[in-house]
Amino acid sequence: MGAGLYRTEGEEIIPGGNAGVLLAVVGMTDDSQDSMGTLCDDHFNNHSAGIACRSLGFDGVIQWGNVGNNEDFISESALRENEFYTVVDNMQCPETAMNVTECDADLMDHNCSPYESVWLECAGSSPEPEPEPEPEWQFMGAALFHTDDSGEIVPGGNAGVVLIHVAMSDGSEEAFGTLCDDNFDDRSAGIACRSLGFDGVIQWGNVGNNEQYISTNLLREYNLDTVVDQMSCPADARNVTDCEADLMDHDCSHYESVWLECEGSSPEPEPEPEWQFMGAGLYRTDDGEIVEGRNAGVVLVHLATSDGTQVV
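Residues numbered from 1 in each chain as written. Predicted model: local features only at pLDDT ≥ 70, side-chain atom pairs only at ≥ 80, totals over all residues. Heavy atoms only, no water.

K.L.:
What's the story with the pattern of salt bridges in this structure? I'm lost.
P.N.:
Side-chain pairing between opposite charges can occur once the charged atoms of the two side chains come close. Inspection of the entire model under this criterion finds two salt bridges. The partner of Arg7 in a salt bridge is Glu9, and the shortest N-O contact between them spans 3.8 Å. The exposure class assigned to Glu9 is partly exposed, which follows from its relative accessible area of 49%. The partner of Arg80 in a salt bridge is Glu76, with the nearest N and O atoms 2.9 Å apart. Of the two residues, Arg80 and Glu76 both sit in helix α2 (residues 76–81), four residues apart, roughly one turn of that helix. (Salt bridge = Lys/Arg side-chain N within 4 Å of Asp/Glu carboxyl O. Buried < 20%, exposed > 50% of the residue type's maximum accessible area, 1.4 Å probe, protein only. Helix = DSSP H or I, 4+ residues; strand = E, 2+ residues; numbered from the N terminus.)

Here it is, written out as structure tokens:
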């Protein structure tokens, strides 16, 4: 799962630059459990130490040992106090190994004491951590909308104003709004209709020249501002995700909002998830705990929705 070199500073255990006790994180393949702890020195050697340093992003190893012969980084008592016990033992690396992932080792199975925990002093500077990517706006979905007889804005049919859902990649913000007609053309309109599940485009325009779907005033009233501008699709584009566009950056007015009349019938909506029977069993209480009841007990049933969002 990952590893790093750590040392103590005051009462805290912190990342240790190019030298420190090796602390590794191991986890179950189903993500149900993970543990952070030390590497035991059983079978560990200079070759393994060099591979470990290079796997951490350094040039190689200068020296290594265990906490029993050097407590400069983290003492044995501090390891015990913070419950950092062995998680990797019997690490053996073949001569051709370039990374610790090519070495054999026992995970969460050991016969080691904390004083056998490996420390490393690696050659070269501490690798710079990968910077977190800046969150950015992403296209989430779109549909055609129009006003019904009561004046409400509703989805449906093969014609209407394009309303788009965009959201920040870190989930911190989202917005709903329109597509501006800057750089929009017949090819873009065809791609937009096909991306919505239709066969192609019959015609398109902006709200300024056709307010039959949603009026400019209603877009303003509902704060449906432009969220996508400057949409430009290359000749080989097959979906709007293949097109270039500015998200949440525009110089458009509401009357420039695009409407589409698409060819073909409205795509079928996704079916609502249904409850499904998953299993059942007989259960009883045993000293306050509910346990399986073998051939007698209350019937407990396992149900789940078909999309997996709810389980009982």
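From this point on, the discussion continues.
K.L.:
Is there a simple way to explain helix α1 (residues 46–55) in this structure?
P.N.:
Structural remark: α-helix, 3.6 residues per turn; residues separated by three or four positions point the same way. Those residues of α1 not exposed but buried are Ser48, Ala49, Gly50, Ile51, Ala52 and Cys53. Residues of α1 that are buried make contact with β5 (60–66), β6 (86–92) and β8 (118–123). Near the N-terminus of α1, the side chain that reaches the backbone nitrogen of His47, with its oxygen 3.1 Å away, is that of Asn45. Just downstream of α1 lies Gly57, where phi reads positive at about 100°. (Contact = heavy atoms within 4.5 Å. Polar contact = N/O pair within 3.5 Å; in protein donor to acceptor, adjacent residues only side chain to side chain.)

K.L.:
What exactly am I supposed to notice about the nonpolar core here?
P.N.:
Grouped burial of nonpolar side chains is what soluble globular proteins tend to show. Formed by 23 residues in total, the largest nonpolar core has its most connected members in Leu144, Val162, Ile164, Leu179, Phe184, Met231 and Leu260. When residues in this core are grouped by element, the largest group, four residues, is from helix α3 (residues 186–195). Listed in part, the 21 residues of the second largest apolar core include Ala49, Ile51, Ala52 and Val87. (Core = buried A, V, L, I, M, F, W, Y, C linked by side-chain atoms within 4.5 Å.)

K.L.:
Honestly, unusual backbone geometry in this entry has me stumped. Any pointers?
P.N.:
Glycine aside, negative phi is the norm for most residues, and most peptide bonds take the trans geometry. The backbone of Glu83 sits at a positive phi, close to 55°, despite the residue not being glycine. The class of Glu83 is exposed, set by a relative accessible area of 58%. In this structure, Met108 takes a positive phi of about 55° despite not being glycine. A residue is classified by how much of its surface remains accessible, and Met108, at 48% relative accessible area, is partly exposed.

K.L.:
Help me understand α3, please; the structure alone is not making it clear to me.
P.N.:
Within α3 the residues assigned to the buried category are Ser188, Ala189, Gly190, Ile191, Ala192 and Cys193. On its buried face, α3 is in contact with β13 (200–206), β14 (226–232) and β16 (258–263). At the N-terminal boundary of α3, the capping side chain belongs to Asp185, with an oxygen 3.3 Å from the backbone nitrogen of Arg187. Positive backbone phi, at 100°, marks Gly197, one or two positions downstream of α3.

K.L.:
What's the story with the pairing of strand β4 (residues 34–39) in this structure? I'm lost.
P.N.:
The side chains of a regular strand alternate between the sheet's two faces. Note: strand β3 (residues 19–27) against β4, five bridges, orientation antiparallel. Paired with Ala24 across the strands is Gly37, a residue of β4. If you look at the hairpin formed by β3 and β4, you'll find six residues sitting between the two strands, and Asp31 has a positive phi there, around 65°. In the sheet, β4 pairs with β6 via two bridges, with the strands oriented parallel. Across the sheet, Thr38 pairs through a bridge with Thr86, a residue of β6. (Pairing = 2+ DSSP bridges.)

K.L.:
For this particular structure, what's the right way to read the state of the cysteines?
P.N.:
A covalent bond bridging the sulfur atoms of two cysteines is what the word disulfide describes. Tallied over the full model, the rule gives six disulfides. Each sulfur of the disulfide joining Cys53 and Cys122 lies 2.0 Å from the other. Disulfide Cys53 to Cys122: torsion about the S-S bond roughly -80°, handedness left-handed. Taken together, the positions of Cys53 in helix α1 and Cys122 in strand β8 put the pair 69 residues apart, joining distant regions of the chain. An identical accessibility class is assigned to Cys53 and Cys122; each is buried. Covalent S-S linkage joins Cys233 and Cys243, the inter-sulfur distance amounting to 2.1 Å. Since a negative S-S torsion denotes a left-handed disulfide, the Cys233-Cys243 link at about 100° is right-handed. Here the residue Cys233 occupies a position in the loop between β14 and β15 (244–247), and Cys243 occupies one in the loop between β14 and β15, the gap between them amounting to 10 residues. The buried category is assigned to Cys243, whose relative accessible area is 13%. Cysteine pairing for the protein chain (bonded cysteines numbered in sequence order): 1-5, 2-6, 3-4, 7-11, 8-12, 9-10. (Disulfide = S-S within 2.5 Å.)

Honestly, it's all geometry; don't read function into it.
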